[in-house]
Amino acid sequence: MQVMVDLCVIPLGVGVSVSEHVAACQRVLAEVGLQHQMHAYGTNIEGEWDEVMAAVKRCHEVVHAMGAPRISTTMKLGTRTDRQQSMADKIQSVEQKLRG
C-alpha cells in the first residue's frame, strides 16, 4: 500500500539545535531511496507502507545512536485506494487552482 507521511522527529536532551539530527534522518531517507521533501518543521515522505515505516524506525535508531536519550515524533499519514497520487500531484493541483 502506498502512503504519504508528514514526519517530524524531535530529539530531546540534545540541546536547542537539532539540525545535525534532522540531517541524519534526511540521509537515511536518501539512502533507502524514498521520495521525500523536507520543509521547515518536518519532512514529507511517499512510498510503500513497509518501506516508509522501516525508514522512520531507522531514523529513530540513528538519532538515538547520536546521543539523543529520547525522541518525540509526530506523523500524519495518508493513503488512498481510488487512484495513485504523488506529493507533486497534490502540490500541482493546488497551484493550478491558485493560478485561476
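Structural data are supplied above this passage.
Here is what the cut-offs are and how they apply
Residues numbered from 1 in each chain as written. Predicted model: local features only at pLDDT ≥ 70, side-chain atom pairs only at ≥ 80, totals over all residues. Heavy atoms only, no water. Pairing = 2+ DSSP bridges. Helix = DSSP H or I, 4+ residues; strand = E, 2+ residues; numbered from the N terminus. Salt bridge = Lys/Arg side-chain N within 4 Å of Asp/Glu carboxyl O. Core = buried A, V, L, I, M, F, W, Y, C linked by side-chain atoms within 4.5 Å. Buried < 20%, exposed > 50% of the residue type's maximum accessible area, 1.4 Å probe, protein only. Axes fitted to C-alpha atoms, helices over the stretch in contact; angles between N-to-C directions. Contact = heavy atoms within 4.5 Å. Parallel < 35°, antiparallel > 145°, perpendicular 65-115°, else oblique. Left-handed = near helix turned anticlockwise from the far one by under 90°. Nonpolar A, V, L, I, M, F, W, Y, C, P; charged D, E, K, R; others polar.

(A) Just the pairing of strand 2 (residues 35–39), in detail. With 5 bridges joining them, strand 2 and strand 3 (residues 42–48) adopt antiparallel strand pairing. From the neighbouring strand, Met 38 faces strand 3, where its bridge partner is Thr 43. Here strand 2 hands over to strand 3 after 2 residues, the two strands then running antiparallel side by side.

(B) Representation of the pattern of salt bridges within the structure. Counted by the stated rule, this structure contains 3 salt bridges. For Asp 6, the salt bridge goes to Lys 76, with nearest N and O atoms at 3.7 Å. One end of the pair, Asp 6, is in strand 1 (residues 2–12); the other, Lys 76, is in strand 4 (residues 70–78), and 70 residues separate them in sequence. Among the ionic pairs, Arg 80 bridges to Asp 82, the shortest N-O distance being 2.7 Å.

(C) Just the nonpolar core, in detail. Membership of the largest hydrophobic core comes to 18 residues, with the highest contact counts inside it found for Leu 7, Leu 34, Ile 45 and Val 52. At the level of secondary structure, the elements contributing two or more residues to this core comprise strand 1, helix 1 (19–32) and helix 2 (49–65).

(D) Quick look at the sheet that holds strand 2. Spatially, 2-3-1-4 is the arrangement adopted by the 4 strands of the open sheet, whose pairing is antiparallel. This sheet does not close on itself; its edge strands, each paired only once, are strand 2 and strand 4. The mean angle between the axes of side-by-side strands here comes to 20°, regardless of whether they run parallel or antiparallel. As defined by bridge partners, strand 1 adjoins strand 3 across 6 bridges and the pair is classed as antiparallel. Paired with Val 3 across the bridge in strand 3 is Gly 47. The strands touched by helix 3 (residues 87–99) are strand 1, strand 2 and strand 3; relative to strand 2, the strand with the most contacts, the crossing angle is about 55°.

(E) The packing of helix 1 against helix 2, seen in detail. It is the contact of helix 1 with helix 2, at a shortest axis distance of 9 Å, that shows an interaxial angle of 140°. If you check the angle between helix 1 and helix 2, you find them oblique. Between helix 1 and helix 2 lies a crossing of right-handed hand. Together, His 21, Ala 24, Cys 25, Val 28, Leu 29 and Val 32 of helix 1 and Ala 55, Arg 58, Cys 59, Val 62 and Val 63 of helix 2 make up the contact between the two elements. The residue inventory of the contact of helix 1 with helix 2, partitioned by class, reads 9 nonpolar, 1 polar and 1 charged.

Any functional reading would require information that these geometric values do not contain.
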